[in-house]
Amino acid sequence: MTGPGRLSACIITYNEADRIEACLRSVSFCDEMIVVDSHSTDDTRAIASSLGASVIERDWPGYRSQKQFAVDSASHDWVLCVDADERVTGELRSEIEALRAGGFAEFAGWSVPRITDYFGQFLRHGNAFPDRLIRLFDRRRGGWIGEEIHENTRVSIGRVGRLKGRLEHYSYRSLTDHQVRMARYGDLMARALYARGKRCGLTKVLVNPFWRFVRGYFIRLGFLDGWRGLVFALVEANYVRRKYLGLFMLSKGLKP
């Protein structure tokens, strides 16, 4: 039964057997847990089911579409969207439970600050933090928008509040995992930009990665995170370079 104080947690997965348990336990206070899985070959679905989640197996259409499908599949209008590599902290849980007790009054959604673990320590500076995202919202007034990659949420009707409790992000299993993932994202974004009619010359290939590094490492003080901040900024700059180099090649009528 739906109601103003009922909340569904929405998660998408693919081969997350090593991380899905911690994620689901962190959102176990929700009235429902929805997991949309794109045919994992490990024990992701079995683990999720054993923890009380409703599991839906579905072909992969892209990040935005899959996340919106999870939201649409929820039993309740208020949804909390988290990724399998994210954890709701105790402080954030307390804030959300207080809002639920009040029927989620006043706002149509809330943004939360996300903090990323990078090789055993959280990044507290640079482009990685504070990474504010709208993850708690009324699906009647908001949803997932944007490209299939680097998707985002937007509340189209009503105001958005700000929560203080953090969402912890345990995204990268290794440096290779980070680099491979950024390479894939770069290729996908190049094709998405090209499909939207975007074109670029070599100027963006040269300037944009440099600016991303300078902005994150120097202007946003990423250097205060030590060697982790440097590595993160370098990988991020390489992602931007790959994205615009791919777009450049497509603009020339060539395969990236």
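In this report, the structure presented in the accompanying data block is examined.

Conventions adopted
- Residues numbered from 1 in each chain as written.
- Predicted model: local features only at pLDDT ≥ 70, side-chain atom pairs only at ≥ 80, totals over all residues.
- Heavy atoms only, no water.
- 1 Å grid on protein atoms, 1.4 Å probe; cavity = no way out; pocket = protein on both sides within 12 Å on 5 of 7 lines; lining within 4 Å.
- Points joined across faces, edges and corners; volume = space filled by probe spheres on them.
- Nonpolar A, V, L, I, M, F, W, Y, C, P; charged D, E, K, R; others polar.
- Buried < 20%, exposed > 50% of the residue type's maximum accessible area, 1.4 Å probe, protein only.
- Helix = DSSP H or I, 4+ residues; strand = E, 2+ residues; numbered from the N terminus.
- Pairing = 2+ DSSP bridges.
- Right-handed = clockwise from strand over helix to strand, strands pointing away.
- Phe/Tyr/Trp six-rings, centres within 6.5 Å; stacked < 30°, edge-to-face > 60°.
- Lys NZ or Arg CZ within 6 Å of the ring centre and 35° of its normal.
- Core = buried A, V, L, I, M, F, W, Y, C linked by side-chain atoms within 4.5 Å.
- Contact = heavy atoms within 4.5 Å.

**Describing empty space enclosed by the protein**
Moving on, step 1. What the rule picks out here adds up to two cavities of 30 Å³ or more.
Moving on, step 2. The volume enclosed by the largest cavity comes to roughly 70 Å³.
Moving on, step 3. Lining the largest cavity are Leu123, His125, Gly126, Asn127, Ala128, Gly216, Gly222, Asp225, Gly229, Phe232, Ala233 and Glu236.
Moving on, step 4. In terms of residue class, the lining of the largest cavity is made up of four nonpolar, six polar and two charged.
Moving on, step 5. Taken as a whole, the second largest cavity holds about 40 Å³ of empty space.

**With respect to the pairing of strand E1 (residues 7–13)**
Moving on, step 1. With seven of its seven residues buried, E1 lies for the most part within the structure.
Moving on, step 2. Residue alternation in E1 divides its side chains into two sets, Leu7, Ala9, Ile11 and Thr13 and Ser8, Cys10 and Ile12, and both sets are buried.
Moving on, step 3. Direction of pairing for E1 relative to strand E4 (residues 78–81): parallel, over a ladder of four bridges. What sits directly across from Ser8, in E4, is Val79.
Moving on, step 4. Direction of pairing for E1 relative to strand E2 (residues 32–37): parallel, over a ladder of six bridges. The residue of E2 that forms the bridge with Ser8 is Glu32.

**A closer look at the pairing of strand E3 (residues 54–57)**
Moving on, step 1. Examined bridge by bridge, E2 and E3 share four bridges and lie parallel to one another. Along E3, the bridge assignment pairs Val35 with Val55.
Moving on, step 2. Each parallel crossover has a hand, and for E2 linked through helix H2 (residues 44–50) to E3 it is right-handed.

**Topic: the packing of aromatic side chains**
Moving on, step 1. Scanning the entire structure with this criterion turns up 15 aromatic pairs.
Moving on, step 2. Ring plane angle 55° and centroid distance 6.4 Å describe the contact between Phe104 and Trp110, whose orientation is recorded as tilted.
Moving on, step 3. Classification of Phe104 by relative accessible area gives buried; the value is 3%.
Moving on, step 4. The buried category is assigned to Trp110, whose relative accessible area is 3%.
Moving on, step 5. Aromatic pair Phe213 and Tyr217: ring centres 5.2 Å apart, planes at 25°, arrangement stacked. Of this pair, Phe213 and Tyr217 both sit in helix H6 (residues 202–219), four residues apart, which is roughly one turn of the helix. The pair Phe213 / Tyr217 is uniform in exposure class, with both members buried.
Moving on, step 6. Members of the aromatic cluster, connected to one another through ring pairs, are Tyr118, Phe119, Tyr172, Trp227 and Phe232.
Moving on, step 7. Here the basic side chain of Arg58 rests over the ring of Phe69, its NZ or CZ set 3.9 Å away from the ring centre.

**Topic: the nonpolar core**
Moving on, step 1. Counting 33 residues, the largest nonpolar core has Cys10, Val71, Val79, Cys81 and Phe137 as the members making the most contacts within it.
Moving on, step 2. Residue assignment for this core shows that the elements contributing at least two residues are E1, E2, helix H3 (63–73), E4, strand E8 (131–138), helix H5 (175–195) and helix H7 (226–251).
Moving on, step 3. Not counting the four nearest positions on each side in its chain, Val71 is found in contact with Cys10, Val79, Cys81, Phe137, Arg139 and Trp144.
Moving on, step 4. Core analysis: the next-biggest nonpolar cluster, separate from the first, contains 27 residues, Cys30, Ala48, Val88 and Leu92 among them.

The values are spatial; any link to function lies outside them.
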